[in-house]
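# Residue-level structural notes
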Amino acid sequence: MNTQAVQPDRLAKRIDGKQVSSQVLAEVSEAVQQLQQQGIQPGLAVVLVGEDPASQVYVRNKVLRAAEVGIRSIEHRLPADTDESSLLALIETLNQDPQVNGILVQLPLPAAIDENRVLEAIDPLKDVDGFHSQNVGGLSQGREVLTPCTPAGCMRLLRQTCGELSGLHAVVVGRSNIVGKPMAALLLQADCSVTLVHSRSRDIERLCRDADILVAAVGRPQMIKRDWIKPGAVVIDVGINRIQADTGTRLVGDVDYDDVYDQAAAITPVPGGVGPMTIAMLMQNTLTAARMQLG
Ligand SMILES: Nc1nc2c(c(=O)[nH]1)N[C@@H](CN(C=O)c1ccc(C(=O)N[C@@H](CCC(=O)O)C(=O)O)cc1)CN2
């Protein structure tokens, strides 16, 4: 029996998230052009509270990508001391605005604001992050709903790398609401056998070694080593961790890329793997939201 997760001839070992994200953006751009011919231009509202440097970069890139694919974006930058009720009032205005098809509130929010209350205030049909409980519930029931961007991006990379996913054993490391839990739900929907492991799991290494597909989303730099990986597994690294290096700082994932490289059939790098997919899938979700609102 071939125990390899995927047929090797389908694979380029390094999974190029930049290249796949460009494909997604090109597809979205073409679909947006078609909508424009019917007089419809999708609109995305991007809300940033505070001055977190990384969030500022992500928001800038979201606005840039939107312009590239023909989505009109409206940026709302609020000071770090914005109170919750002002933010909720802005969201209500955006919910009512017919020009706005998607609403994105960049996370994390300042500690004084209740993140959950804010996310629940977004109209589920405009919830392009897929974080509203109605969309979370819909995803777990296998309904067609707006799906969190990072897990959706991982699925696109996996489908393009492995082809058919049905029957494969997928292990997701990390149980966050943004990545781990929706990732497990999407893999289940693709007919994988899914194991979700977390900080309290016993013998994580053994569980990981049984994975045909390993998705790492724990936020611990280079935690996953070569002997955690089954030969021929496909490894998707969601971690983005800044560590000290000889020449300043550098980004690494949750997987020790150099250590794991020879063991895996295919692996995403950090940077240039999952990260670029997150923003591409946001554009895809904005297009989907605009279509859903057409009825
Ligand atoms: N409302 C949301 N907030 C946050 C999300 C999200 O999906 N929705 N995800 C992250 C941040 N994020 C997008 O918002 C994001 C993170 C990383 C990247 C990316 O392209 N990373 C690059 C490296 C970038 C760098 O050099 O720092 C890569 O991995 O190649 C894009 C988007 C938290 N907040």
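Basis of the calculations
Residues numbered from 1 in each chain as written. Predicted model: local features only at pLDDT ≥ 70, side-chain atom pairs only at ≥ 80, totals over all residues. Pairing = 2+ DSSP bridges. Helix = DSSP H or I, 4+ residues; strand = E, 2+ residues; numbered from the N terminus. Axes fitted to C-alpha atoms, helices over the stretch in contact; angles between N-to-C directions. Contact = placed C-beta atoms within 7 Å. Near = placed C-beta within 6 Å. Nonpolar A, V, L, I, M, F, W, Y, C, P; charged D, E, K, R; others polar. UniProt positions renumbered as here; feature names shortened; annotations may be inferred.

A few words on the sheet that holds strand β3 (residues 102–105). Reading across the sheet, the three strands line up as β2-β1-β3 and stay open at both edges, with parallel pairing between neighbours. Whereas interior strands pair on both sides, the edge strands pair on one side only; in this sheet they are β2 (72–78) and β3. Direction aside, the axes of adjacent strands within the sheet are offset by 15 degrees on average. Pairing geometry for strand β1 (residues 43–49) and β3, over four bridges, is parallel. Looking at the pairing, Leu-44 lines up with Gly-102 of β3. Sheet strands in contact with helix α2 (residues 53–69) are β1 and β2, and its direction is about 170 degrees off that of β1.

Another point: the site of the ligand. In the vicinity of the ligand there are 17 residues, among which Tyr-58, Leu-107, Pro-271, Gly-275 and Thr-278 approach most closely. At the level of elements, β3, α6 (149–162) and α10 (274–294) are the ones that each hand at least two residues to the shell around the ligand. Among the elements that make up the shell around the ligand, the one with the highest residue count is α10 (four residues). Residues belonging to the shell around the ligand are distributed by class as follows: eleven nonpolar, five polar and one charged.

The UniProt entry lists residues 15–129 under the feature "domain: Tetrahydrofolate dehydrogenase/cyclohydrolase catalytic" (unreviewed entry), expressed in the numbering used here. Here residues 15–129 is 50% helix and 16% strand, with 24 Å between the C-alpha atoms at its ends.

Turning to unusual backbone geometry, a few remarks are in order. With an omega of 5 degrees, the peptide bond running from Leu-107 to Pro-108 counts as cis. Structurally, Pro-108 can be placed in the loop between β3 and α4 (115–121). Cis geometry is adopted by the peptide bond preceding Pro-271, which originates at Val-270 and carries an omega value of 0 degrees. Inspection of the secondary structure assignment puts Pro-271 in the loop between β10 (266–267) and α10. Although it is not a glycine, Asp-191 adopts a positive phi angle of roughly 65 degrees. Positive phi values are uncommon outside glycine, yet Asp-203 reaches one of about 55 degrees. Here Asp-203 shows up in the loop between β5 (193–197) and α8 (204–209).

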